[in-house]
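Per-entry structural report
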Amino acid sequence: MKKTKKQLLAIGAAALLTTTALAGCGNSNSNSETSNNTPSNTQTEANKPAESGEVPTLVWWTIGGQTPANFDKAIAAMNEYTAEKIGVKIDIKVASWGDWDTKINTIVNTGEPFDIMFTNNSKYSQQVNLGAFADLTDSVQSDSADLYKLIPEKVWDGTKIGGKIYAVPTYKDSSLTQYWVFDDKYVQKYKIDGASIKTLKDLDKPFHDMKAGEGKSFYPLSLTQGDGFNGFFNGYDDMTLGLPPIGVKVDDASRKVVSVLEQPEVMADLKTLHQWYKDGIINPDAPTKTEADKARPFFAAQAFPGAEAGWQITEGVAKYDMFQIFGPIYTTSTIQGSLNAISANSKYKTEALKYLQLVNTDPKLRNMLAFGELGVDYDNVDGEKVVERKTDTWPLAAYTQGTFFDLAVTKGAPVDQWDQVRKLNDQATSSTNLGFALDISKLGTEVSNTKAVWDKYRYELMTGASDPEVMVPKIVAELKAAGMDAITAAAQEQINSYFK
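Given the structure is predicted, the values throughout are model-derived calculations rather than measurements.

What follows deals with the overall build of the protein. If you tally the helices and strands in the protein, you get 20 helices and 17 strands. Taken across its 500 residues, the protein has 60% of its residues classed as buried. Taken as a whole, the protein presents about 19,100 Å² of accessible surface, with 48% of it coming from carbon and sulfur.

Structure, rendered in structure tokens:
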């Protein structure tokens, strides 16, 4: 995903939009010291800094916005806390929303050192195949037992590649629920009945009403490059491949792998996007725009009840109205929508696991990571259970870090917000393909080549800028030449074997 801020947020969970989501390892003076695939033997010393004289500083690459003036001060406060708690500090490196794809690919492909890295379903399996991440299958249980107990077995299973765990999932809205989100002032002004809008085509009338009423320079659907319209491919399970043109319809009992772009309902929705682009519903610079404007009149997002409280702060909108239109549903990819992996070459694998365990089990650290500097970016209202946000500049996305279930509720959101998220997870249906993750170990060339083709065309296609009747045949032809048929055949064979 050369993803925009809002698109990435949307991916993960509430993503888009809850909130606000790798390179040296070791301490700050030893970034060049790595030990290939050598497990850390420094756990005891690292956890007793007073005796050893060294507190390891782990480098965590993540995704986010521009770092504010108080970023280093906020991180220093976290480090003072975690050094005392577990004898570990963190150096958080932030790749911008627009540059994340390129930056993370460069780090992995060049072997640049890091300790922890945020990843997701668009990259995870490929990065595992490249040998970038440590096998945590045994160590996550032996070295971070509380973390392992916290996260349900189904969620751990969803992270597995070839039966092994290579990342810690962020246990939150791990099932997918999709929403339309409207600025309430337009809902009232144009009498939009959000509850009756269930499909992309249903948005046509309110969008045109808004366009006609607000003027030529107003764009009801403001998009950026990346995935374009968020959630567009929700109806298809991508088998953790991170390549939307290949998938299995989530309710297809036969689990047939298909060319998604050529499916009739997908083509119809692509035509709708293109018509909106021609009609000025979508901003003309969408294919090249990397950062979303604030105060968008509408967006689509994976989310959960109460997510609008965070968006109202980050977008600067008085009130957003959310309308559920899809899900909740579990797929392997929704579980892999937000992960934190540990470098295969990190000197401090055990310390990294213990840090991630603390993120997921300690409300004080969890809130600092999600909200910033206490007293500057947020205040505690009810102990550590409710916070009042004071700024909108904290750059880190809460969905990329750890569980929501030890995170404070933002003032204005339902006090039982996280209970409602648990309920969504409990109510979620399952993709017919749930549990299956495509093994790409023998498909590395085909996967790389087909992703390169998709990246070449997706910005224009998914923002409506190109005519799908012209572009889809061209894209599919190039995908086939790059190895799409081989991937499809291998996927079908693996699915048939997995579910037999």
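After that view of the structure, there is still more to cover.
Right, let's get into the layout of surface pockets. Roughly 420 Å³ of volume is contained in the second largest pocket. Counting only elements with at least two residues in the lining of the second largest pocket, the list comes to β7 (176-183), α12 (264-279) and β12 (320-330). The leading source of residues in the lining of the second largest pocket is α12, at 3 residues. When its residues are assigned to classes, the lining of the second largest pocket shows 8 nonpolar, 6 polar and 4 charged.

Once that is clear, we can look at the side chain of D183. If you trace the backbone, D183 turns up in strand β7. It is K185 that comes nearest to the buried, bridge-free D183 among opposite-charge side chains, at 4.4 Å. A polar contact is formed between the side chain of D183 and the backbone nitrogen of K185, at a distance of 3.0 Å. In contact with D183, other than residues within four places in its own chain, are R296, P297, V317, K319 and Y320.

This part covers the confidence of the model for the protein. Reading predicted coordinates in detail is not appropriate for stretches of low pLDDT. Scored by pLDDT, the protein has a mean of 88; 89% of the residues are at 70 or more. For the stretch residues 1-51, pLDDT sits under 50, and the model shows 209 contacts to residues farther than four places along the chain or on other chains.

Here we come to the sheet that holds strand β2 (residues 89-96). The strand order across the open sheet built from 5 strands is β2-β1-β3-β13-β6, with neighbouring strands paired in mixed fashion. The open sheet is flanked by β2 and β6 (168-169), the only strands paired with a single partner. In terms of strand pairing, strand β1 (residues 57-64) meets strand β3 (residues 116-119) through 2 bridges, oriented parallel. By the bridge assignment, W60 is partnered in β3 with I116.

Strand order in the open sheet made by the 4 strands is β11-β7-β12-β17, with mixed pairing throughout. Strands with a single pairing partner mark the edges of an open sheet, and in this sheet they are β11 (298-302) and β17 (429-430). Of the strand pairs in this sheet, β12 and β17 are connected by 2 bridges, and their pairing is parallel. In the strand pairing of β17, Y330 is matched with S430.

Another aspect to go through is the pattern of salt bridges. On inspection of all chains with the given rule, the structure shows 23 salt bridges. Here K172 makes a salt bridge to D173, at a shortest N to O gap of 3.2 Å. Accessibility assignment for this pair places K172 and D173 in one class, buried. When salt bridges that share partners are traced, they join D101, K123, D455 and R458 into one network.

Bringing helix α5 (residues 100-110) into the picture now. Residues of α5 that are buried: W100, D101, I104, I107 and V108. Across the axial projection of α5, the buried residues extend over an arc of 140°, all falling on one side. Exposed and oriented more than 90 degrees from the buried face of α5 are N109 and T110. Downstream of α5 by one or two residues, G111 has phi in the positive range, about 75°.

Tracing the backbone through its elements, the reader meets D252 in the loop between β9 (246-249) and β10 (257-259). Sequence separation between D252 and D237 is 15 residues; the distance between their C-alpha atoms is 10.0 Å. Looking at D252, its side chain comes within polar contact range of the side chain of S254, at 2.7 Å.

Ranked by size, the top nonpolar core spans 88 residues in total, and within it F133, W311, Y355 and L365 carry the most contacts. By size, the runner-up hydrophobic cluster in this structure holds 59 residues, among which are L203, V248, L273 and M462.

All right, on to the packing of aromatic side chains then. For any pair of aromatic rings, the description rests on two quantities: the centre-to-centre distance and the angle between the ring planes. Per the counting criterion, the structure on display carries 26 aromatic pairs. Measuring from centroid to centroid gives 5.6 Å for W180 and F229, while their planes differ by 75°, and the two rings are edge-to-face. Residue W180 is located in strand β7, and its partner F229 is located in the loop between α11 (204-214) and β8 (236-237); the two are separated by 49 residues in the primary sequence. Measuring from ring centre to ring centre gives 5.3 Å for Y186 and F218, while their planes differ by 50°; the resulting arrangement is tilted.

Bringing the pairing of strand β14 (residues 378-382) into the picture now. Where β14 meets strand β15 (residues 386-389), 4 bridges bridge the pair, whose relative direction is antiparallel. Each residue of the ladder has a partner; that of D379, found in β15, is E388. Connecting the antiparallel pair β14 and β15 is a turn made up of 3 residues, with G383 showing a positive phi of about 60°.

Following the sequence through the fold, D419 ends up in helix α17 (residues 417-427). With 15 residues separating them in the primary sequence, D419 and F404 have C-alpha atoms 10.0 Å apart.

Conventions used here
Residues numbered from 1 in each chain as written. Predicted model: local features only at pLDDT ≥ 70, side-chain atom pairs only at ≥ 80, totals over all residues. Heavy atoms only, no water. Helix = DSSP H or I, 4+ residues; strand = E, 2+ residues; numbered from the N terminus. Buried < 20%, exposed > 50% of the residue type's maximum accessible area, 1.4 Å probe, protein only. Areas by Shrake-Rupley, 256 points an atom, 1.4 Å probe, with all protein chains shown as cover. 1 Å grid on protein atoms, 1.4 Å probe; cavity = no way out; pocket = protein on both sides within 12 Å on 5 of 7 lines; lining within 4 Å. Points joined across faces, edges and corners; volume = space filled by probe spheres on them. Nonpolar A, V, L, I, M, F, W, Y, C, P; charged D, E, K, R; others polar. Lys, Arg positive; Asp, Glu negative; His and termini not counted. Salt bridge = Lys/Arg side-chain N within 4 Å of Asp/Glu carboxyl O. Polar contact = N/O pair within 3.5 Å; in protein donor to acceptor, adjacent residues only side chain to side chain. Contact = heavy atoms within 4.5 Å. pLDDT = per-residue confidence, 0-100. Pairing = 2+ DSSP bridges. Arc of directions from axis to C-beta. Core = buried A, V, L, I, M, F, W, Y, C linked by side-chain atoms within 4.5 Å. Phe/Tyr/Trp six-rings, centres within 6.5 Å; stacked < 30°, edge-to-face > 60°.

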